[in-house]
Amino acid sequence: MKKRIIIKQGTVMGILSAVFFFAVEANLNLLNVHASEVPKLHSEEAVQNVLEDFFEDFLDTILADSSRDYSNDDFATINGYIAAKYLVAKREGNKILLDGIQAVSLEEVVLEELLEKDDSLEAAAYVKYEYSWGSGSQEDTCRTGSLYQVTLAKSNEGYKVLDLDDIENDEVQMAKDSICISAQNSKDIYQRADEYFDKIQQNAKDMTETVVDSKAIETEIAAENEALCAPAKINVSYDTSKARNWRYKSGDQYENYIFKRTAEHYTNFVSPCVWAGYGEADGYNILNSPFINAAVCTALKERTASDY
């Protein structure tokens, strides 16, 4: 009797084990079916479209005719605020230095990574764009890009950008370092950001004034040099009688210690006559010239008398 009870217990255990095995397998199959039927919690295509629309509108901030500005309510953290204020500063700086950015176009948003969190998505996206100033020629066009870390909110209606961080732009990173170091607490960090970018705009204005001042100085120096190099305006008159008198007095002399060989060569004859007609020969004598001393005069007289 005891043996029969043991057999029955073993049989019951085997039956229970078989039932448990089949139940687990059935549940696993059911879970697999449900998993295949549950849709993804996010759509990369939808996220891509949201990012393209957002950055196309975001980049319009740098246009010269834009007046868009940002507040600390527009983004979840200071990172997004700094990235946005950087574009504002870029717009104002280009208006001062290059007459403003006239056109901007989004070329591509490359979605490099997409991570899902409890109530948000974290996207890493490389944004390529180009902008132009002035005439918009090829020489006035700049192609650039940057890597953004974007936080998006999920809802039944779709996705919305909550925050972003320009993690590849050196100027933005320098701004973040400077602002976060100088800010004493989170309450005044936005004020420090405003002060930082206001200073950048002021530097651009100061640079323009310096350039203008330099051009004014260059113009003034050029005018002074022109005045110094210009020949002096001297009122002179030509007296034909003096020219004739010089000819009568010295034209037949071989040398007179001022001009040489006046009687042998027509050029040497005409030159002193013209010189005399302008009055430059009045009272001139090689021995009493105020420009050379007596020793030089004596040596020159001897040289002209013998060697010239």
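In what follows, the structure referred to is the one given above.
Residues numbered from 1 in each chain as written. Predicted model: local features only at pLDDT ≥ 70, side-chain atom pairs only at ≥ 80, totals over all residues. Heavy atoms only, no water.

Caption draft 1: Broad picture of the overall build of the protein chain. Secondary structure assignment for the protein chain yields 8 helices and 4 strands. Going from N to C terminus, the protein chain has its helices and strands arranged as α-α-α-β-β-β-β-α-α-α-α-α. For the protein chain, the share of sequence-separated contacts (at least 6 apart) that also reach a separation of at least 24 residues comes to 54%. (Helix = DSSP H or I, 4+ residues; strand = E, 2+ residues; numbered from the N terminus. Contact = heavy atoms within 4.5 Å.)

Caption draft 2: Highlighting the packing of aromatic side chains. Under the criterion given, the structure shown has 11 aromatic pairs. Aromatic side chains Phe58 and Phe75 sit 6.5 Å apart centroid to centroid with 75° between the ring planes, which places their arrangement in the edge-to-face category. Within this pair, whereas Phe58 is found in helix H2 (residues 44–59), its partner Phe75 is found in the loop between H2 and helix H3 (78–97), the two being separated by 17 residues in sequence. Accessibility assignment for this pair places Phe58 and Phe75 in one class, buried. Among the aromatic residues, those joined into a ring-pair cluster are Phe54, Phe55, Phe58, Tyr70, Phe75 and Tyr148. (Phe/Tyr/Trp six-rings, centres within 6.5 Å; stacked < 30°, edge-to-face > 60°. Buried < 20%, exposed > 50% of the residue type's maximum accessible area, 1.4 Å probe, protein only.)

Caption draft 3: Broad picture of the environment of Glu168. Looking at the secondary structure, you find Glu168 in the loop between strand E4 (158–166) and helix H4 (170–182). Of the residues examined, Glu168 reaches a relative accessible area of 43% and is grouped as partly exposed. C-alpha separation for the pair Glu168 and Gly145, spaced 23 residues apart in sequence, amounts to 8.9 Å. Aside from chain neighbours lying at most four places away, what touches Glu168 is Tyr126, Gly145, Ser146, Leu147 and Gln173.

Caption draft 4: Representation of the sheet that holds strand E1 (residues 101–116). Ordered by their spatial adjacency, 4 strands build an open sheet running E1-E2-E3-E4, and the pairing between neighbours is antiparallel. With one partner strand each, in any of the chains shown, E1 and E4 form the two edges of the open sheet. Each adjacent strand pair in this sheet contributes to an overall mean axis angle of 30°, direction not counted. Strand direction decides the pairing type here: strand E2 (residues 120–133) and strand E3 (residues 141–155), joined by 13 bridges, are antiparallel. Residue Glu122 lies in a different strand from E3, and its bridge partner there is Thr151. Together, E1, E2, E3 and E4 form the strand contacts of H2, whose direction differs from that of E1 by roughly 150°. Seen against the sheet, H3 touches E1, E2 and E4 and runs at an angle of roughly 70° to E4. (Pairing = 2+ DSSP bridges. Axes fitted to C-alpha atoms, helices over the stretch in contact; angles between N-to-C directions.)

Caption draft 5: Geometry of the environment of Ala123. Looking at the element boundaries, Ala123 is found in strand E2. A residue is classified by how much of its surface remains accessible, and Ala123, at 0% relative accessible area, is buried. Filtering out sequence-adjacent residues up to four positions away, Ala123 remains in contact with Leu51, Leu111, Glu113, Leu114, Tyr148, Gln149, Val150 and Leu152.

Caption draft 6: Fine view of the pairing of E1. Where E1 meets E2, 13 bridges bridge the pair, whose relative direction is antiparallel. Of the residues in E2, the one forming a bridge with Glu113 is Ala124. If you look at the hairpin formed by E1 and E2, you'll find 3 residues sitting between the two strands.

Caption draft 7: Inspection of H3 at higher detail. For H3, which comprises 20 residues, the first-to-last C-alpha distance of 28 Å matches the rise-based estimate of 28 Å (1.5 Å per residue) to within 8%. By the criterion of burial, H3 is predominantly enclosed, with 16 of the 20 residues buried. Just past H3, the residue Asp99 takes up positive phi, approximately 65°. (Expected span 1.5 Å × (residues − 1).)

Caption draft 8: Inspection of the pattern of salt bridges at higher detail. One pass over the full model with this rule turns up 11 salt bridges. The salt bridge partner of Lys85 is Asp194, with a shortest N-O separation of 3.9 Å. Pair noted here: Lys85 is in helix H3 and Asp194 is in helix H5 (residues 189–229), with a separation of 109 residues, a long-range link. Residue Lys85 is classed as buried on the basis of its relative accessible area, which comes to 10%. Its relative accessible area of 27% is what places Asp194 among the partly exposed residues. Note that Glu108 is salt-bridged to Lys128, the shortest N-O span being 3.6 Å. Linking Glu108 in strand E1 with Lys128 in strand E2, this pair joins segments that are 20 residues apart in sequence. Each of the salt bridges in this network shares a partner with another, and the network as a whole consists of Asp69, Lys85 and Asp194. (Salt bridge = Lys/Arg side-chain N within 4 Å of Asp/Glu carboxyl O.)

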